[in-house]
Amino acid sequence: LMKGKELHNMTDEELNAKLGELKTQLFNLRFRHASGQLENPMTIASCKKDIARVNTVLRERELKRV
């Protein structure tokens with residue numbers, strides 16, 4: 001679980017890299033869940049929330065530039 005403060009301290013490039021990592025992680029979690037190998041299904045929800053946090057920070061910065 002990531003904190004908002006951590007995300008605000010990252011650069012745009014780092015955030016985009018993190019977003020890619022999280023999306024890959026979500027794909028792998030869904031795959032493991034479908035094949036019945038996932039211990040805790042709540043990890044999918046926390047991964048989705050992290051993706052949303054990163055997207056929110058990126059969008060805030062986009063709006064500030066305008």
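Residues numbered from 1 in each chain as written. Predicted model: local features only at pLDDT ≥ 70, side-chain atom pairs only at ≥ 80, totals over all residues. Heavy atoms only, no water.

### A few points about the overall build of the protein
- A tally of helices and strands in the protein yields three helices and zero strands.
- Counting from the amino terminus, the protein carries its helices and strands in the arrangement α-α-α.
- For 66 residues, the compact-globule estimate of 2.2 N^0.38 gives 11 Å, and the protein exceeds it by more than 25% at 14 Å.
- Principal-axis analysis of the C-alpha atoms places the extent of the protein at approximately 45 × 15 × 15 Å.
- Across the protein, contacts joining residues at least 24 apart in sequence account for 65% of those joining residues at least 6 apart.
- As presented, the protein carries roughly 5,000 Å² of accessible surface, and 54% of it is formed by carbon and sulfur atoms.
- On the protein, the mean spot of the 13 positive side-chain charges and the mean spot of the 9 negative ones are 6 Å from each other. (Helix = DSSP H or I, 4+ residues; strand = E, 2+ residues; numbered from the N terminus. Rg over C-alpha atoms; globule rule 2.2 N^0.38 Å. Contact = heavy atoms within 4.5 Å. Areas by Shrake-Rupley, 256 points an atom, 1.4 Å probe, with all protein chains shown as cover. Lys, Arg positive; Asp, Glu negative; His and termini not counted. Charge placed at Lys NZ, Arg CZ, Asp CG, Glu CD.)

### Re helix α2 (residues 12-34)
- Here α2 spans 33 Å end to end across 23 residues, near enough to the 33 Å set by a 1.5 Å rise per residue.
- Regarding α2, the residues found buried are L15, L19, L22, L26 and L29.
- Looking at the packing, one finds that the buried side of α2 touches α1 (4-8) and α3 (42-65).
- One or two positions beyond α2, positive phi appears at G36, with a value near 75°. (Expected span 1.5 Å × (residues − 1). Buried < 20%, exposed > 50% of the residue type's maximum accessible area, 1.4 Å probe, protein only.)

### Observations regarding the side chain of R61
- If you trace the backbone, R61 turns up in helix α3.
- Taking relative accessible area as the criterion, R61 reaches 18% and is therefore assigned buried.
- Reaching out from R61, the side chain makes a polar contact with the backbone oxygen of M10 at a distance of 2.7 Å.
- Among the polar contacts listed, one links the side chain of R61 to the side chain of D12, at a separation of 2.8 Å.
- Those residues in contact with R61, other than ones at most four positions away along the chain, are L7, H8, N9, M10, T11, D12 and L15. (Polar contact = N/O pair within 3.5 Å; in protein donor to acceptor, adjacent residues only side chain to side chain.)

### Comments concerning the confidence of the model for the protein
- Looking at the protein, pLDDT values average 94 and 100% of them are 70 or higher.
- By mean pLDDT, the top-scoring element of the protein is α2 (97), and the lowest-scoring one is α1 (89). (pLDDT = per-residue confidence, 0-100.)

### Brief notes about the nonpolar core
- By size, the foremost hydrophobic cluster in this structure holds 15 residues, and its most contacted members are L7, L15, C47, I51 and V54.
- Put simply, the parts of the chain that give this core at least two residues each are α2 and α3.
- No other element matches α3, which puts six residues into this core.
- Residues in contact with L15, not counting those within four places in the same chain, are L7, M10, V54, V57, L58 and R61. (Core = buried A, V, L, I, M, F, W, Y, C linked by side-chain atoms within 4.5 Å.)

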